[in-house]
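# Notes for the structure review
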Amino acid sequence: IPYLADKEQNTMNKFGIRKSPTAVILKPVNNAFSIYYIGQIDNNPQVAVDVKEAYLLENLQSLMANKPPVHPNNQPIGCTIR
């Protein structure tokens, strides 16, 4: 899966991302992209074995199946980016 390393923080500022980690899924639309999902990776950033909802994974699967996101955008939990 392609990913972006935003060392200059240009994309972060454009999307209004203020916490790390923040997952962003972009959906191709015509000759551009739209935000399909932005938010948490899952519902338990502290303990991987206790994850009950894998927001990023499930939304990627929905996108690949050409369906709407199964989880709406949500507020990321993490460290503030300075």
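Note on numbering: residues in each chain are counted from 1, in written sequence order. The predicted origin of the model limits local features to residues at a pLDDT of at least 70 and limits the giving and counting of side-chain atom pairs to 80 or more, whereas totals for whole chains, interfaces and linings rest on all residues. Derived side-chain values reflect all non-hydrogen atoms in the structure, with water molecules and hydrogen atoms excluded from consideration.

### Focus on the overall build of the protein chain
When helices and strands are tallied, the protein chain shows 2 helices and 4 strands. Shown N-terminal to C-terminal, the secondary structure of the protein chain runs as helices and strands in the order α-β-β-β-α-β. Atoms counted for the radius of gyration: C-alpha only. Globule rule: 2.2 Å times residue count to the power 0.38. What you see for the protein chain is a C-alpha radius of gyration of 13 Å, in line with the 12 Å of a compact globule of 82 residues. Residue burial in the protein chain is summarised as follows: out of 82 residues, 21% are buried. We call two residues contacting when some pair of their heavy atoms lies within 4.5 Å. Here the analysis covers contacts within the protein chain between residues at least 6 apart in sequence; of these, 44% occur between residues at least 24 apart. For the protein chain, the exposed surface amounts to about 6300 Å²; the carbon and sulfur share of it is 55%. Only DSSP runs of H or I covering at least 4 residues are called helices, and only runs of E covering at least 2 are called strands; the numbering of each starts at the N terminus. For the exposure calls, accessible area comes from a 1.4 Å probe over protein chains only, and a residue counts as buried if that area is under 20% of its type's maximum, exposed if over 50%, partly exposed in between. Using a 1.4 Å probe, accessible areas were evaluated by the Shrake-Rupley method; residue-level cover was limited to the displayed protein chains.

### Quick notes on the side chain of Gln40
Structurally, the position occupied by Gln40 is in the loop between β3 (32–39) and α2 (55–64). If we ignore the near neighbours within four places in the chain, the residues touching Gln40 are Ala23, Tyr55, Leu56, Asn74, Gln75, Pro76 and Ile77.

### Let's talk about the nonpolar core
Residues belong to a common nonpolar core when they are buried Ala, Val, Leu, Ile, Met, Phe, Trp, Tyr or Cys residues joined through side-chain atoms within 4.5 Å. Formed by Ala23, Ile25, Tyr36, Tyr37, Tyr55 and Leu63, the largest nonpolar core amounts to 6 residues. Of all the secondary structure elements, the ones that give two or more residues to this core are β2 (23–29), β3 and α2. Once you skip the residues sitting within four places of it in the chain, Ile25 turns out to touch Ser34, Ile35, Tyr36, Tyr37, Leu56, Asn59, Leu60 and Leu63.

Any link to function would need more than the numbers given here.
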